[in-house]
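# Reading the structure
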There are 2 protein chains.
Amino acid sequence: MQVTVDIVIFTIQAGELKVLLVERGIPPFQGQFAIPGGFVLEDEGLDAAARRELKDETGVADVFLEQLYSFGDPGRDPRGRVVTVAYFALISADRSPLVAGSDAAAARWWPVRELPELAFDHRKILDCALERLRNKLEYTTVGFQLLPARFTLSELQQVYEAILNKKLDKRNFRRKLGLLKVLRPTRELRRGGRRPARLYEFVAARFERLKDKGILFPF
Amino acid sequence: MQVTVDIVIFTIQAGELKVLLVERGIPPFQGQFAIPGGFVLEDEGLDAAARRELKDETGVADVFLEQLYSFGDPGRDPRGRVVTVAYFALISADRSPLVAGSDAAAARWWPVRELPELAFDHRKILDCALERLRNKLEYTTVGFQLLPARFTLSELQQVYEAILNKKLDKRNFRRKLGLLKVLRPTRELRRGGRRPARLYEFVAARFERLKDKGILFPF
DNA sequence: CCAAAAGTGTTAGGAGTACACCCATGG
DNA sequence: CCATGGGTGTACTCCTAACACTTTTGG
(Lines give C-alpha, C1' and ligand atoms only; values in the text may rest on other atoms or scores of the structure.)
Protein backbone atom coordinates (compact mmCIF):
# COMPACT_ATOMS: atom_id res chain seq x y z
CA MET A 1 0.00 0.00 0.00
CA GLN A 2 1.39 3.42 -0.88
CA VAL A 3 1.27 6.48 1.31
CA THR A 4 1.38 10.07 0.07
CA VAL A 5 1.04 13.49 1.60
CA ASP A 6 -1.05 16.19 -0.08
CA ILE A 7 -0.89 19.80 1.05
CA VAL A 8 -3.54 22.45 0.80
CA ILE A 9 -1.54 25.68 0.79
CA PHE A 10 -3.44 28.87 1.55
CA THR A 11 -2.46 32.48 1.27
CA ILE A 12 -4.11 35.88 1.14
CA GLN A 13 -3.68 38.00 -1.97
CA ALA A 14 -5.56 41.20 -2.63
CA GLY A 15 -7.82 40.56 0.33
CA GLU A 16 -8.84 37.20 -1.12
CA LEU A 17 -8.17 33.71 0.18
CA LYS A 18 -6.21 31.69 -2.39
CA VAL A 19 -4.95 28.15 -2.69
CA LEU A 20 -2.02 26.74 -4.64
CA LEU A 21 -2.85 24.24 -7.37
CA VAL A 22 -0.61 22.52 -9.91
CA GLU A 23 -1.63 21.43 -13.37
CA ARG A 24 -1.01 17.75 -13.96
CA GLY A 25 1.29 17.06 -16.89
CA ILE A 26 0.72 13.32 -17.02
CA PRO A 27 -2.22 10.93 -16.71
CA PRO A 28 -4.33 10.25 -14.81
CA PHE A 29 -6.27 13.52 -14.77
CA GLN A 30 -3.78 15.08 -17.23
CA GLY A 31 -4.47 18.76 -17.68
CA GLN A 32 -6.57 19.00 -14.55
CA PHE A 33 -5.46 20.77 -11.41
CA ALA A 34 -4.40 19.11 -8.20
CA ILE A 35 -3.21 19.90 -4.71
CA PRO A 36 0.58 19.58 -4.43
CA GLY A 37 1.77 16.33 -2.92
CA GLY A 38 3.98 13.30 -3.24
CA PHE A 39 5.06 10.00 -1.78
CA VAL A 40 6.30 9.57 1.77
CA LEU A 41 9.85 8.23 1.74
CA GLU A 42 10.71 5.00 3.48
CA ASP A 43 12.55 6.57 6.43
CA GLU A 44 10.66 9.84 6.61
CA GLY A 45 7.96 10.91 9.07
CA LEU A 46 4.64 12.24 7.81
CA ASP A 47 5.26 15.82 8.94
CA ALA A 48 8.74 15.70 7.42
CA ALA A 49 7.34 14.51 4.10
CA ALA A 50 4.83 17.34 4.11
CA ARG A 51 7.51 19.92 4.87
CA ARG A 52 9.69 18.56 2.10
CA GLU A 53 6.89 18.78 -0.44
CA LEU A 54 5.96 22.25 0.73
CA LYS A 55 9.54 23.41 0.33
CA ASP A 56 9.78 21.84 -3.13
CA GLU A 57 6.60 23.45 -4.37
CA THR A 58 6.86 26.92 -2.89
CA GLY A 59 10.42 27.39 -1.68
CA VAL A 60 9.26 28.31 1.79
CA ALA A 61 10.05 26.65 5.10
CA ASP A 62 9.10 27.63 8.63
CA VAL A 63 5.47 28.26 7.89
CA PHE A 64 2.35 27.02 9.59
CA LEU A 65 1.73 23.38 8.68
CA GLU A 66 -0.75 21.03 10.29
CA GLN A 67 -2.08 17.59 9.58
CA LEU A 68 -5.65 17.68 8.34
CA TYR A 69 -7.17 14.27 7.67
CA SER A 70 -6.36 11.02 5.90
CA PHE A 71 -8.14 9.80 2.81
CA GLY A 72 -7.92 6.20 1.73
CA ASP A 73 -10.95 5.09 -0.23
CA PRO A 74 -10.05 2.25 -2.55
CA GLY A 75 -10.32 3.67 -6.03
CA ARG A 76 -9.42 7.23 -5.14
CA ASP A 77 -6.33 6.81 -7.33
CA PRO A 78 -6.88 4.80 -10.53
CA ARG A 79 -3.26 3.67 -10.50
CA GLY A 80 -3.65 1.60 -7.35
CA ARG A 81 -4.20 1.73 -3.65
CA VAL A 82 -2.92 5.00 -2.25
CA VAL A 83 -3.65 6.37 1.20
CA THR A 84 -2.97 10.08 1.48
CA VAL A 85 -2.37 12.06 4.63
CA ALA A 86 -3.59 15.57 3.88
CA TYR A 87 -2.00 18.67 5.42
CA PHE A 88 -2.79 22.31 5.27
CA ALA A 89 -0.28 25.15 5.25
CA LEU A 90 -0.54 28.92 5.57
CA ILE A 91 1.84 31.30 3.84
CA SER A 92 1.90 34.95 4.75
CA ALA A 93 0.92 37.48 2.14
CA ASP A 94 4.46 38.86 1.83
CA ARG A 95 6.00 35.49 0.99
CA SER A 96 3.38 33.92 -1.23
CA PRO A 97 3.82 35.55 -4.64
CA LEU A 98 7.05 33.64 -5.22
CA VAL A 99 5.69 30.57 -6.91
CA ALA A 100 8.83 28.91 -8.15
CA GLY A 101 8.00 25.25 -8.03
CA SER A 102 10.81 22.97 -9.11
CA ASP A 103 8.83 20.47 -11.14
CA ALA A 104 5.67 22.49 -10.93
CA ALA A 105 5.96 25.07 -13.63
CA ALA A 106 2.20 25.12 -13.86
CA ALA A 107 1.62 26.08 -10.22
CA ARG A 108 -0.88 28.90 -9.70
CA TRP A 109 -2.77 30.60 -6.88
CA TRP A 110 -6.52 30.19 -7.25
CA PRO A 111 -9.17 32.14 -5.37
CA VAL A 112 -11.14 29.63 -3.31
CA ARG A 113 -14.33 31.20 -4.61
CA GLU A 114 -13.64 30.16 -8.19
CA LEU A 115 -11.84 26.85 -8.34
CA PRO A 116 -11.41 24.67 -11.40
CA GLU A 117 -12.38 21.02 -11.38
CA LEU A 118 -9.84 19.09 -9.37
CA ALA A 119 -8.12 15.74 -9.90
CA PHE A 120 -8.64 12.67 -7.69
CA ASP A 121 -10.66 13.43 -4.54
CA HIS A 122 -8.86 16.72 -4.12
CA ARG A 123 -12.02 18.76 -4.04
CA LYS A 124 -13.07 16.89 -0.95
CA ILE A 125 -9.66 17.46 0.63
CA LEU A 126 -9.79 21.14 -0.16
CA ASP A 127 -13.26 21.53 1.32
CA CYS A 128 -12.05 19.76 4.43
CA ALA A 129 -9.13 22.17 4.71
CA LEU A 130 -11.35 25.20 4.30
CA GLU A 131 -13.67 24.03 7.01
CA ARG A 132 -10.73 23.43 9.34
CA LEU A 133 -9.28 26.84 8.57
CA ARG A 134 -12.59 28.56 9.35
CA ASN A 135 -12.90 26.74 12.63
CA LYS A 136 -9.32 27.37 13.71
CA LEU A 137 -9.70 31.04 13.03
CA GLU A 138 -11.92 31.23 16.08
CA TYR A 139 -9.69 29.70 18.69
CA THR A 140 -6.12 29.94 17.38
CA THR A 141 -3.83 32.51 15.83
CA VAL A 142 -3.94 31.16 12.28
CA GLY A 143 -5.24 34.53 11.16
CA PHE A 144 -1.88 36.10 11.93
CA GLN A 145 -0.02 33.38 9.99
CA LEU A 146 -1.44 34.78 6.79
CA LEU A 147 -0.06 38.28 7.35
CA PRO A 148 3.43 39.77 7.42
CA ALA A 149 4.99 40.37 10.82
CA ARG A 150 3.61 43.93 10.73
CA PHE A 151 0.13 44.66 9.52
CA THR A 152 -2.70 47.12 9.88
CA LEU A 153 -5.91 46.36 11.73
CA SER A 154 -7.85 46.64 8.49
CA GLU A 155 -5.62 44.03 6.89
CA LEU A 156 -6.26 41.68 9.77
CA GLN A 157 -9.96 42.26 9.49
CA GLN A 158 -9.79 41.54 5.77
CA VAL A 159 -8.19 38.16 6.53
CA TYR A 160 -11.07 37.27 8.82
CA GLU A 161 -13.62 38.50 6.31
CA ALA A 162 -11.99 36.62 3.43
CA ILE A 163 -11.92 33.32 5.29
CA LEU A 164 -15.28 33.57 7.03
CA ASN A 165 -16.79 35.07 3.91
CA LYS A 166 -18.78 37.71 5.73
CA LYS A 167 -18.48 41.36 6.68
CA LEU A 168 -17.46 42.22 10.23
CA ASP A 169 -18.15 45.35 12.24
CA LYS A 170 -15.00 47.44 12.38
CA ARG A 171 -15.51 48.86 15.85
CA ASN A 172 -16.45 45.56 17.46
CA PHE A 173 -13.54 43.85 15.75
CA ARG A 174 -11.10 46.38 17.13
CA ARG A 175 -12.54 46.48 20.61
CA LYS A 176 -12.35 42.69 20.98
CA LEU A 177 -8.80 42.68 19.67
CA GLY A 178 -7.94 45.32 22.20
CA LEU A 179 -9.33 43.24 25.04
CA LEU A 180 -7.16 40.29 24.04
CA LYS A 181 -4.00 42.36 24.40
CA VAL A 182 -2.08 40.28 21.89
CA LEU A 183 -1.12 43.14 19.57
CA ARG A 184 1.65 45.64 20.10
CA PRO A 185 1.41 48.90 18.16
CA THR A 186 4.61 49.92 16.39
CA ARG A 187 5.75 53.43 15.60
CA GLU A 188 5.49 52.65 11.93
CA LEU A 189 2.65 53.75 9.68
CA ARG A 190 1.59 52.33 6.37
CA ARG A 191 1.49 55.21 3.96
CA GLY A 192 0.51 55.02 0.34
CA GLY A 193 -3.19 54.59 0.78
CA ARG A 194 -5.26 57.50 1.93
CA ARG A 195 -4.97 58.23 5.59
CA PRO A 196 -1.92 56.34 6.95
CA ALA A 197 -2.67 53.32 9.14
CA ARG A 198 -0.73 52.18 12.17
CA LEU A 199 1.14 48.88 11.90
CA TYR A 200 0.82 46.31 14.67
CA GLU A 201 2.77 43.20 15.68
CA PHE A 202 1.35 40.01 17.08
CA VAL A 203 2.94 39.14 20.42
CA ALA A 204 2.95 35.34 20.65
CA ALA A 205 4.00 35.37 24.29
CA ARG A 206 0.83 37.19 25.27
CA PHE A 207 -1.31 34.65 23.50
CA GLU A 208 0.24 31.83 25.52
CA ARG A 209 -1.45 33.15 28.66
CA LEU A 210 -4.82 33.11 26.99
CA LYS A 211 -5.09 29.79 25.26
CA ASP A 212 -5.40 27.67 28.40
CA LYS A 213 -8.23 29.84 29.60
CA GLY A 214 -10.44 29.32 26.60
CA ILE A 215 -10.21 32.93 25.57
CA LEU A 216 -10.75 33.14 21.88
CA PHE A 217 -11.11 35.26 18.77
CA PRO A 218 -14.86 35.57 18.74
CA PHE A 219 -15.41 37.50 15.56
CA MET B 1 4.62 0.67 3.50
CA GLN B 2 1.92 -0.81 5.71
CA VAL B 3 -1.21 0.95 6.87
CA THR B 4 -3.16 0.09 9.99
CA VAL B 5 -6.10 1.53 11.88
CA ASP B 6 -6.06 1.85 15.66
CA ILE B 7 -9.19 2.67 17.61
CA VAL B 8 -9.51 4.39 20.94
CA ILE B 9 -12.82 3.12 22.29
CA PHE B 10 -14.39 5.06 25.12
CA THR B 11 -17.30 4.30 27.36
CA ILE B 12 -18.73 5.44 30.67
CA GLN B 13 -18.94 2.95 33.51
CA ALA B 14 -19.87 3.86 37.06
CA GLY B 15 -19.62 7.53 36.24
CA GLU B 16 -16.05 7.09 35.05
CA LEU B 17 -14.58 7.47 31.58
CA LYS B 18 -13.00 4.21 30.45
CA VAL B 19 -11.06 3.01 27.43
CA LEU B 20 -10.69 -0.46 25.96
CA LEU B 21 -7.19 -1.94 25.93
CA VAL B 22 -5.97 -5.37 24.86
CA GLU B 23 -3.01 -7.21 26.30
CA ARG B 24 -0.47 -8.17 23.65
CA GLY B 25 0.21 -11.89 23.50
CA ILE B 26 3.18 -11.69 21.16
CA PRO B 27 6.26 -9.49 20.72
CA PRO B 28 6.95 -6.70 20.33
CA PHE B 29 5.67 -5.23 23.60
CA GLN B 30 4.46 -8.67 24.72
CA GLY B 31 2.46 -8.43 27.93
CA GLN B 32 1.90 -4.69 27.56
CA PHE B 33 -1.43 -3.14 26.75
CA ALA B 34 -2.39 -1.62 23.42
CA ILE B 35 -5.24 0.10 21.68
CA PRO B 36 -7.19 -2.31 19.46
CA GLY B 37 -6.27 -2.15 15.79
CA GLY B 38 -5.20 -4.01 12.69
CA PHE B 39 -4.18 -3.80 9.09
CA VAL B 40 -6.25 -2.11 6.42
CA LEU B 41 -7.20 -4.64 3.76
CA GLU B 42 -6.28 -4.08 0.14
CA ASP B 43 -9.77 -3.19 -1.09
CA GLU B 44 -11.10 -1.64 2.10
CA GLY B 45 -11.60 2.03 2.96
CA LEU B 46 -10.15 3.48 6.16
CA ASP B 47 -13.50 3.97 7.86
CA ALA B 48 -14.54 0.47 6.84
CA ALA B 49 -11.37 -1.00 8.31
CA ALA B 50 -11.99 0.85 11.55
CA ARG B 51 -15.60 -0.37 11.72
CA ARG B 52 -14.49 -3.92 11.07
CA GLU B 53 -11.93 -3.82 13.85
CA LEU B 54 -14.41 -2.22 16.20
CA LYS B 55 -16.93 -4.95 15.49
CA ASP B 56 -14.32 -7.66 15.97
CA GLU B 57 -13.15 -6.31 19.28
CA THR B 58 -16.41 -5.32 20.90
CA GLY B 59 -19.20 -6.89 18.91
CA VAL B 60 -20.89 -3.55 18.42
CA ALA B 61 -21.75 -1.75 15.20
CA ASP B 62 -23.61 1.50 14.59
CA VAL B 63 -21.76 3.49 17.18
CA PHE B 64 -20.04 6.84 16.98
CA LEU B 65 -16.74 6.49 15.11
CA GLU B 66 -14.56 9.30 13.85
CA GLN B 67 -11.10 9.59 12.39
CA LEU B 68 -8.66 11.16 14.81
CA TYR B 69 -5.16 11.62 13.42
CA SER B 70 -2.50 9.68 11.54
CA PHE B 71 0.79 8.64 13.07
CA GLY B 72 3.71 7.60 10.92
CA ASP B 73 7.04 8.26 12.55
CA PRO B 74 9.65 5.87 11.22
CA GLY B 75 10.47 3.59 14.10
CA ARG B 76 7.08 3.73 15.81
CA ASP B 77 6.79 -0.01 15.11
CA PRO B 78 10.03 -2.01 15.52
CA ARG B 79 8.86 -4.52 12.91
CA GLY B 80 8.98 -2.03 10.06
CA ARG B 81 7.39 1.02 8.56
CA VAL B 82 3.77 1.23 9.61
CA VAL B 83 1.54 4.28 9.23
CA THR B 84 -1.53 4.11 11.43
CA VAL B 85 -4.73 6.04 11.00
CA ALA B 86 -6.17 6.44 14.49
CA TYR B 87 -9.90 6.58 15.18
CA PHE B 88 -11.95 7.12 18.25
CA ALA B 89 -15.25 5.46 19.06
CA LEU B 90 -17.89 5.99 21.73
CA ILE B 91 -20.01 3.17 23.13
CA SER B 92 -23.02 3.91 25.27
CA ALA B 93 -23.02 2.75 28.85
CA ASP B 94 -25.73 0.16 28.24
CA ARG B 95 -23.78 -1.61 25.50
CA SER B 96 -20.22 -1.48 26.76
CA PRO B 97 -19.96 -4.18 29.43
CA LEU B 98 -20.05 -6.91 26.77
CA VAL B 99 -16.36 -7.27 26.09
CA ALA B 100 -16.30 -10.41 23.99
CA GLY B 101 -13.34 -9.86 21.72
CA SER B 102 -12.75 -12.62 19.23
CA ASP B 103 -9.00 -12.86 19.43
CA ALA B 104 -8.79 -10.46 22.31
CA ALA B 105 -9.46 -12.54 25.38
CA ALA B 106 -7.37 -10.08 27.33
CA ALA B 107 -9.46 -7.02 26.48
CA ARG B 108 -10.36 -4.84 29.44
CA TRP B 109 -11.90 -1.46 30.21
CA TRP B 110 -9.43 0.85 31.94
CA PRO B 111 -10.29 4.10 33.70
CA VAL B 112 -8.48 6.85 31.84
CA ARG B 113 -7.25 8.16 35.19
CA GLU B 114 -5.17 5.05 35.87
CA LEU B 115 -3.76 3.63 32.68
CA PRO B 116 -0.98 1.06 32.41
CA GLU B 117 2.07 1.63 30.26
CA LEU B 118 1.08 1.28 26.64
CA ALA B 119 2.76 -0.38 23.66
CA PHE B 120 4.11 1.50 20.61
CA ASP B 121 3.15 5.19 20.58
CA HIS B 122 -0.31 4.35 21.85
CA ARG B 123 -0.07 6.62 24.83
CA LYS B 124 0.32 9.54 22.47
CA ILE B 125 -2.66 8.34 20.43
CA LEU B 126 -4.80 7.98 23.53
CA ASP B 127 -3.90 11.45 24.77
CA CYS B 128 -4.82 12.82 21.38
CA ALA B 129 -8.19 11.07 21.53
CA LEU B 130 -8.91 12.40 25.01
CA GLU B 131 -8.16 15.92 23.96
CA ARG B 132 -10.42 15.58 20.93
CA LEU B 133 -13.20 14.13 23.05
CA ARG B 134 -12.99 17.00 25.53
CA ASN B 135 -13.12 19.53 22.75
CA LYS B 136 -15.99 17.89 20.91
CA LEU B 137 -18.01 17.77 24.08
CA GLU B 138 -18.40 21.52 23.80
CA TYR B 139 -19.76 21.83 20.31
CA THR B 140 -21.23 18.46 19.38
CA THR B 141 -23.51 15.86 20.85
CA VAL B 142 -20.84 13.28 21.68
CA GLY B 143 -21.94 13.45 25.30
CA PHE B 144 -25.21 11.77 24.37
CA GLN B 145 -23.41 9.01 22.48
CA LEU B 146 -22.10 7.68 25.76
CA LEU B 147 -25.54 7.26 27.29
CA PRO B 148 -28.50 4.98 26.59
CA ALA B 149 -31.37 6.41 24.57
CA ARG B 150 -33.08 7.42 27.83
CA PHE B 151 -31.15 8.92 30.68
CA THR B 152 -31.52 11.19 33.67
CA LEU B 153 -30.13 14.70 33.80
CA SER B 154 -27.75 13.67 36.55
CA GLU B 155 -26.38 10.89 34.38
CA LEU B 156 -25.75 13.37 31.59
CA GLN B 157 -24.03 15.71 33.99
CA GLN B 158 -21.85 12.86 35.21
CA VAL B 159 -20.71 12.23 31.63
CA TYR B 160 -19.61 15.83 31.30
CA GLU B 161 -17.92 15.78 34.66
CA ALA B 162 -16.12 12.51 33.94
CA ILE B 163 -14.74 13.72 30.62
CA LEU B 164 -13.93 17.29 31.60
CA ASN B 165 -12.68 16.08 34.98
CA LYS B 166 -14.33 18.83 36.95
CA LYS B 167 -17.48 19.42 38.96
CA LEU B 168 -20.31 21.35 37.33
CA ASP B 169 -23.08 23.37 38.95
CA LYS B 170 -26.31 21.38 38.79
CA ARG B 171 -28.66 24.33 38.34
CA ASN B 172 -26.60 26.04 35.68
CA PHE B 173 -26.16 22.77 33.82
CA ARG B 174 -29.90 22.20 33.72
CA ARG B 175 -30.83 25.73 32.82
CA LYS B 176 -28.47 25.77 29.86
CA LEU B 177 -29.74 22.41 28.70
CA GLY B 178 -33.24 23.79 28.91
CA LEU B 179 -32.35 26.73 26.72
CA LEU B 180 -31.01 24.41 24.02
CA LYS B 181 -34.33 22.57 23.80
CA VAL B 182 -32.74 19.37 22.57
CA LEU B 183 -34.15 17.10 25.25
CA ARG B 184 -37.65 15.67 25.41
CA PRO B 185 -38.88 14.49 28.80
CA THR B 186 -40.47 11.05 28.79
CA ARG B 187 -43.16 9.79 31.10
CA GLU B 188 -40.76 7.27 32.48
CA LEU B 189 -38.96 7.60 35.80
CA ARG B 190 -35.83 5.85 36.92
CA ARG B 191 -36.66 4.22 40.23
CA GLY B 192 -34.23 2.23 42.31
CA GLY B 193 -32.25 5.11 43.65
CA ARG B 194 -33.79 7.38 46.20
CA ARG B 195 -36.18 9.89 44.76
CA PRO B 196 -37.10 8.75 41.23
CA ALA B 197 -35.55 10.76 38.40
CA ARG B 198 -37.20 11.65 35.14
CA LEU B 199 -35.77 10.11 32.00
CA TYR B 200 -35.09 12.27 28.95
CA GLU B 201 -34.44 11.58 25.29
CA PHE B 202 -32.11 13.49 23.02
CA VAL B 203 -33.93 14.82 19.95
CA ALA B 204 -31.39 14.89 17.14
CA ALA B 205 -33.72 16.84 14.85
CA ARG B 206 -33.77 19.76 17.26
CA PHE B 207 -30.00 19.83 17.37
CA GLU B 208 -29.80 20.19 13.59
CA ARG B 209 -31.31 23.66 13.83
CA LEU B 210 -28.69 24.75 16.30
CA LYS B 211 -25.41 23.57 14.92
CA ASP B 212 -25.26 26.00 12.02
CA LYS B 213 -25.83 28.87 14.41
CA GLY B 214 -22.85 28.16 16.59
CA ILE B 215 -25.00 27.35 19.58
CA LEU B 216 -23.10 25.00 21.77
CA PHE B 217 -22.91 23.06 24.98
CA PRO B 218 -21.04 25.58 27.05
CA PHE B 219 -20.59 23.69 30.30
C1' DC C 1 -12.21 70.40 -1.90
C1' DC C 2 -13.41 65.77 -2.62
C1' DA C 3 -12.94 60.76 -2.25
C1' DA C 4 -11.36 57.05 0.49
C1' DA C 5 -9.89 54.59 4.29
C1' DA C 6 -8.62 55.28 9.44
C1' DG C 7 -10.10 55.78 13.72
C1' DT C 8 -13.22 56.11 17.84
C1' DG C 9 -17.87 55.01 22.38
C1' DT C 10 -22.24 54.12 24.02
C1' DT C 11 -26.21 51.52 24.98
C1' DA C 12 -29.35 47.74 25.52
C1' DG C 13 -30.07 42.88 25.75
C1' DG C 14 -28.53 38.15 26.56
C1' DA C 15 -25.58 34.78 28.68
C1' DG C 16 -22.68 33.16 32.47
C1' DT C 17 -21.74 32.47 37.28
C1' DA C 18 -22.48 31.97 42.06
C1' DC C 19 -25.35 30.43 45.40
C1' DA C 20 -29.24 27.39 49.24
C1' DC C 21 -33.18 25.14 50.14
C1' DC C 22 -37.24 21.84 49.78
C1' DC C 23 -38.91 17.25 47.87
C1' DA C 24 -39.67 12.30 47.17
C1' DT C 25 -38.34 7.90 48.14
C1' DG C 26 -36.30 3.52 50.39
C1' DG C 27 -34.70 1.52 54.27
C1' DC D 1 -37.43 9.56 60.64
C1' DC D 2 -33.39 9.97 58.29
C1' DA D 3 -30.15 9.64 54.55
C1' DT D 4 -29.74 10.26 49.71
C1' DG D 5 -30.04 12.16 45.44
C1' DG D 6 -33.78 15.00 42.64
C1' DG D 7 -35.32 19.19 41.67
C1' DT D 8 -35.85 24.41 41.43
C1' DG D 9 -34.88 30.61 40.90
C1' DT D 10 -32.59 34.99 41.51
C1' DA D 11 -29.23 38.72 41.32
C1' DC D 12 -25.02 40.44 39.47
C1' DT D 13 -21.60 40.79 36.11
C1' DC D 14 -19.73 40.60 31.71
C1' DC D 15 -19.80 39.98 26.87
C1' DT D 16 -22.11 40.96 22.43
C1' DA D 17 -24.22 43.40 18.79
C1' DA D 18 -25.94 47.43 16.70
C1' DC D 19 -24.94 51.75 15.32
C1' DA D 20 -22.54 57.15 12.83
C1' DC D 21 -19.51 60.58 12.66
C1' DT D 22 -14.82 62.89 12.52
C1' DT D 23 -9.94 62.68 10.88
C1' DT D 24 -6.20 62.37 7.71
C1' DT D 25 -4.26 62.03 3.53
C1' DG D 26 -3.57 62.06 -1.89
C1' DG D 27 -5.12 63.65 -6.03
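Note: the structure precedes this text.
Residues numbered from 1 in each chain as written. Chains lettered and ligands numbered in written order. Predicted model: local features only at pLDDT ≥ 70, side-chain atom pairs only at ≥ 80, totals over all residues. Heavy atoms only, no water.

## Things to note about the pattern of salt bridges
Defined as follows: The working definition used for a salt bridge is a side-chain nitrogen of Lys or Arg within 4 Å of a carboxyl oxygen of Asp or Glu. What counts as a helix is a DSSP run of H or I of at least four residues, what counts as a strand is a run of E of at least two, and both are numbered from the N terminus. Think of it in three bands: residues with accessible area under 20% of the maximum for their type are buried, residues over 50% are exposed, and the middle band is partly exposed, with areas taken using a 1.4 Å probe on protein chains only.
Inspection of the entire model under this criterion finds 28 salt bridges over all chains. As a salt-bridge pair, R76 of chain B and D121 of chain B come within 2.8 Å of each other at their nearest N and O atoms. Here R76 of chain B, found in the loop between β5 (64–71) and β6 (82–91), pairs with D121 of chain B, found in the loop between β7 (107–111) and α2 (122–139); they are 45 residues apart in sequence, far enough to count as distant. Just as R76 of chain B is buried, D121 of chain B falls in that class too. With a shortest N-O distance of 3.3 Å, D127 of chain B and R123 of chain B are connected by a salt bridge. Taken together, the residues span about one helical turn, with D127 of chain B and R123 of chain B both in helix α2 at a distance of four residues. What makes R123 of chain B partly exposed here is its relative accessible area of 41%. Through salt bridges with shared partners, one network takes in R150, R184, E188 and E201 of chain A.

## A few points about the relation of the copies chain B and chain A
To keep things clear, this is the line we draw: A residue counts toward the fit only if its pLDDT is at least 70 in both copies, and the copies are then superposed by least squares on the C-alpha atoms of those residues. Every residue pair with non-hydrogen atoms within 4.5 Å of one another is taken to be in contact.
For these two chains of identical sequence, chain B goes onto chain A by a turn of 179° and a shift of 0.0 Å along the axis, with RMSD 0.1 Å. Both chain copies can therefore be described as sitting about a two-fold axis. It is M1 of chain B whose C-alpha, among those of chain B, lies nearest the rotation axis, at 2.9 Å. With an isologous cut-off of 70% or more, the 100% of interface residues of chain B that recur at the interface of chain A puts this contact in the isologous class.

## Details of the protein's contact with DNA strand C
Defined as follows: We call a residue near a given molecule or strand whenever any one of its heavy atoms falls within 4 Å of it. Polar contacts here mean pairs of N or O atoms no more than 3.5 Å apart (in protein, one a potential hydrogen donor and the other a potential acceptor; neighbouring residues in sequence count only if both atoms are side-chain atoms). Three categories are distinguished: nonpolar for Ala, Val, Leu, Ile, Met, Phe, Trp, Tyr, Cys and Pro, charged for Asp, Glu, Lys and Arg, and polar for the others, with Gly belonging to the last.
In the neighbourhood of DNA strand C, 19 residues make up the surrounding shell, with S154 and K170 of chain A together with R175, K176 and R195 of chain B lying closest. When atoms of DNA strand C within 4 Å of the protein are split into backbone and base, the sugar-phosphate part holds 38%. A distance of 3.5 Å separates a base nitrogen of DNA strand C from a polar atom in the side chain of D169 of chain B. At the level of secondary structure, the elements contributing two or more residues to the surface near DNA strand C comprise α5 (170–180) and β10 (197–202) of chain A together with α5 (170–180) of chain B. Counted by class, the surface near DNA strand C contains four nonpolar, three polar and 12 charged residues.

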